[in-house]
Amino acid sequence: MTTFESLGLSPEILRAIEDLGFESPSEVQEQTIPVLLEESTDMVALAQTGTGKTAAFGFPLIQNIDLNSKKTQGLILSPTRELCMQITNELKQYSKYYQNLSTVAVYGGASITDQARQIKKGAQIIVATPGRMKDMIQRNIIDISNISICILDEADEMLNMGFFEDIKEILSHSSDQKNTWLFSATMPKEVSIIAKKFMKNPKEITVGQKNISTKSVSHEYFIVGGRDRYSAVKRVVDANPDIYAVVFCRTKRDAQKVAEKLIEDGYSASALHGDLSQAQRDMVMNSFRRKQIQMLVATDVAARGIDVDDITHVINYQLPDEIEIYTHRSGRTGRAGKEGKSLVIVTKSEVRKIKQVERMIGQKFTQEELPSGDEICKRQLFHLADEIKKTEINHAIDPFIPNLEAEFEELSKEDIIKKFFSVEFSRFHNYYKNAPKVVQHSADESYSSGKDYGDETRFFINIGEKDGFDWMSMKDFLKDQLELDRDGVAKVDVKNTFSFFNVATDDVEKVEGVFESFMLKGRHVNVEITKDQKSGGGGGGRKGGDKSRDRKPRKRFDKNNSSDFKGKKPGGSNVKSSFERRRKKN
Ligand code: ADP
Ligand code: MG
């Protein structure tokens with residue numbers, strides 16, 4: 001086995017590594033570190049999230065710094081403030097035995113004056129987000145003309161976030177003599193374009209699937225109706241009282257909506273997405289890190305690079321648009337040698353995407369049934385029993401014991417236990433007794449089998465026979481524009497000047513997006529959700545149907561509980577308090 005000693009690292013760094021408890025280098029570290037220490041070269045290194053890329057560039061960078069000079073010698077560009085802080089923090093730990101080495105983080109949303117002051121004191125290494133970095137160079141606060149190493153970390157994500165121009169501008173202020181090291185989890189076309197544009201004969205290193213900290217993730221999926229995603233999440237959470245999870249949503253709107261619903265249902269959850277201010281995002285992240293929040297409901301961009309150990313579940317509220325992103329999501333769990341689960345909630349029309357993801361990650365998914373109400377009640381009950389067994393007796397209650405004992409004198413031990421557990425158990429039991437059924441499907445039923453799944457939405461479009469369409473050519477036209485397969489567009493009905501069609505309700509945003517400003521033969525194409533979802537035999541019923549279905553169970557539930565447990569909702573306070581109880585002991 002390769003050791004850190006054999007890579008050529010300095011005694012100072014080796015000591016820091018020992019303090020960090022890293023036993024042996026990860027594959028990407030093993031491959032990059034010796035090369036970067038020995039040769040002055042550009043490099044492109046590709047390795048999944050969680051494979052230790054920070055140290056792979058961090059160790060050689062630190063060892064390359066001339067401590068006798070206070071000039072800025074190394075620059076790391078990274079996509080988000082969160083990552084910037086994480087990298088800075090890691091580098092400080094790696095370089096703790098170098099007295100004169102200073103690393104400064106530069107990112108937006110924080111005081112520029114403070115950052116300028118830190119830089120003035122001398123920052124041999126700067127870790128920056130592109131936007132703020134460009135700004136500080138333009139204001140002559142930072143001089144990077146002398147840097148010898150520039151690192152583009154999470155290059156794929158920086159490009160996704162539209163930082164290409166900023167990076168180009170920043171690098172134009174640096175010398176041609178420097179070396180550029182690019183680290184990325186994936187290599188989309190755009191990344192190879194930067195590699196060509198900014199680098200000279202880069203050495204290329206690609207590390208396979210091996211992942212130091214995500215090796216123990218199991219992948220599972222549930223097939224539900226489009227409107228049952230939330231109920232599915234709720235069941236998963238109720239069946240796992242100690243869950244500590246990130247729920248990934250495709251859009252900011254969904255992240256906000258799901259977080260709000262969870263909070264309303266009494267869970268400890270919070271949204272994390274780009275519409276929050278930087279300060280709000282920091283607050284959310286800190287609370288999550290401290291486990292004051294049990295579920296983070298996030299968009300991919302906002303959650304990128306989050307490095308929190310102990311996450312038990314990653315829940316994919318929907319699959320990401322680009323399947324490559326799935327790896328980033330699932331890599332948030334199963335870290336630091338612990339086991340984790342990555343759960344995906346899909347509708348029938350999305351099952352085929354699971355196969356694509358399987359091919360990409362080289363791992364199989366198992367299809368699971370959502371836990372039944374009975375199963376949930378049972379798990380909650382034994383979880384509570386477990387908590388009680390683990391609870392230390394608080395002797396402040398001693399003085400009250402005689403009175404309490406008198407209170408229960410009449411009851412047998414058996415009855416006391418029954419009554420005691422009923423307090424908690426009834427909350428879940430009453431809820432699930434009446435809970436709406438979550439529609440579940442098996443993988444082999446096909447989407448187009450003609451049944452009404454209730455998760456389609458019917459659209460009106462202002463083109464028809466007059467524009468030369470019949471139903472077949474209209475279907476082809478729609479599926480091409482929407483990039484859906486044949487079954488993705490249904491119930492096409494072409495009239496003279498307009499037409500109707502159905503898509504899965506999950507694809508509504510896509511339809512709206514694609515046709516937002518669409519021209520056909522010089523005419524503006526207009527697409528709207530039809531008011532009468534029934535017309536033309538459409539399955540939908542999205543508007544009215546949705547609401548009545550959402551509301552009823554809640555009302556029934558409240559009614560059932562109001563006598564015994566005022567205001568309490570299932571899952572809520574119990575989940576939170578037992579979670580916090582557990583925390584305090586740790
Ligand atoms: P990446 O940038 O590839 O996503 P990170 O650099 O953030 O991965 O590392 C992921 C986690 O693994 C961090 O908590 C880091 O401290 C830890 N780590 C890095 N290298 C090692 C190693 N050789 N042994 C054990 N843990 C490591
Ligand atoms: Mg990283």
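Residues numbered from 1 in each chain as written. Chains lettered and ligands numbered in written order. Predicted model: local features only at pLDDT ≥ 70, side-chain atom pairs only at ≥ 80, totals over all residues. Heavy atoms only, no water.

Chemist: With reference to specific residues and values, describe the overall build of the chain.
Modeler: Within the chain, the secondary structure is distributed over 22 helices and 20 strands. A total of 586 residues make up the chain; the buried ones form 51% of that total. Surface summary for the chain: the accessible area is close to 28,400 Å², and the carbon and sulfur share equals 49%. (Helix = DSSP H or I, 4+ residues; strand = E, 2+ residues; numbered from the N terminus. Buried < 20%, exposed > 50% of the residue type's maximum accessible area, 1.4 Å probe, protein only. Areas by Shrake-Rupley, 256 points an atom, 1.4 Å probe, with all protein chains shown as cover.)

Chemist: Outline the packing of helix α10 (residues 229–239) against helix α18 (residues 413–434), listing residues and values.
Modeler: The interhelical angle for the contact between α10 and α18, taken along N-to-C directions, is 150°, at an axis separation of 13 Å. The angle between the axes of α10 and α18 places the two elements in the roughly antiparallel class. Classified by chirality, the crossing of α18 by α10 is left-handed. In this structure, α10 uses Lys 234, Arg 235 and Asp 238 to contact α18, whose residues at the interface are Phe 428, Tyr 431 and Tyr 432. In the contact of α10 with α18, the residues fall into three nonpolar, no polar and three charged. (Axes fitted to C-alpha atoms, helices over the stretch in contact; angles between N-to-C directions. Parallel < 35°, antiparallel > 145°, perpendicular 65-115°, else oblique. Left-handed = near helix turned anticlockwise from the far one by under 90°. Contact = heavy atoms within 4.5 Å. Nonpolar A, V, L, I, M, F, W, Y, C, P; charged D, E, K, R; others polar.)

Chemist: Tell me about the packing of helix α4 (residues 81–94) against helix α12 (residues 278–289), residues and numbers included.
Modeler: Viewed as axis vectors pointing N to C, α4 and α12 meet at an angle of 55°, and their least axial separation amounts to 11 Å. Accordingly, the angle class assigned to the pair α4 and α12 is oblique. For the pair formed by α4 and α12, the contact residues are Arg 81, Glu 82, Met 85 and Gln 86 on the first element and Gln 278, Asp 282, Met 285 and Arg 289 on the second. Of the residues contributing to the contact of α4 with α12, the split by class is two nonpolar, two polar and four charged.

Chemist: Tell me about the pattern of salt bridges, and please be specific about residues and values.
Modeler: Should their charged atoms come close, side chains of opposite charge can pair. Evaluated as defined, the whole model comprises 27 salt bridges. Two residues, Lys 234 and Asp 238, come together in a salt bridge whose shortest N-O distance is 3.5 Å. Taken together, the residues span about one helical turn, with Lys 234 and Asp 238 both in helix α10 at a distance of four residues. The same class applies to Lys 234 and to Asp 238, which are both buried. With a shortest N-O distance of 3.8 Å, Lys 491 and Glu 456 are connected by a salt bridge. Here Lys 491 is found in strand β16 (residues 489–494), whereas its partner Glu 456 is found in strand β15 (residues 456–461), with 35 residues between them in sequence. (Salt bridge = Lys/Arg side-chain N within 4 Å of Asp/Glu carboxyl O.)

Chemist: Give me helix α8 (residues 164–171): which residues, what numbers.
Modeler: Every buried residue of α8 is accounted for by Asp 166, Ile 167, Ile 170 and Leu 171. Buried residues along α8 cover an arc of 125° about the axis, so they all sit on one side. Where α8 is buried, its residues touch β2 (74–77), α6 (130–138), β5 (149–152), α7 (155–160) and α9 (189–198). (Arc of directions from axis to C-beta.)

Chemist: Run through the environment of Ile 144, naming residues and quoting values.
Modeler: Along the chain, Ile 144 falls in the loop between α6 and β5. By relative accessible area, which is 1% here, Ile 144 ends up buried. Distance from Ile 144 to Ser 172, taken between C-alpha atoms, is 9.7 Å for residues 28 residues apart in sequence. When sequence neighbours within four positions are dropped, the list of residues in contact with Ile 144 reads Leu 75, Met 133, Ile 137, Ile 170, His 173 and Ser 174.

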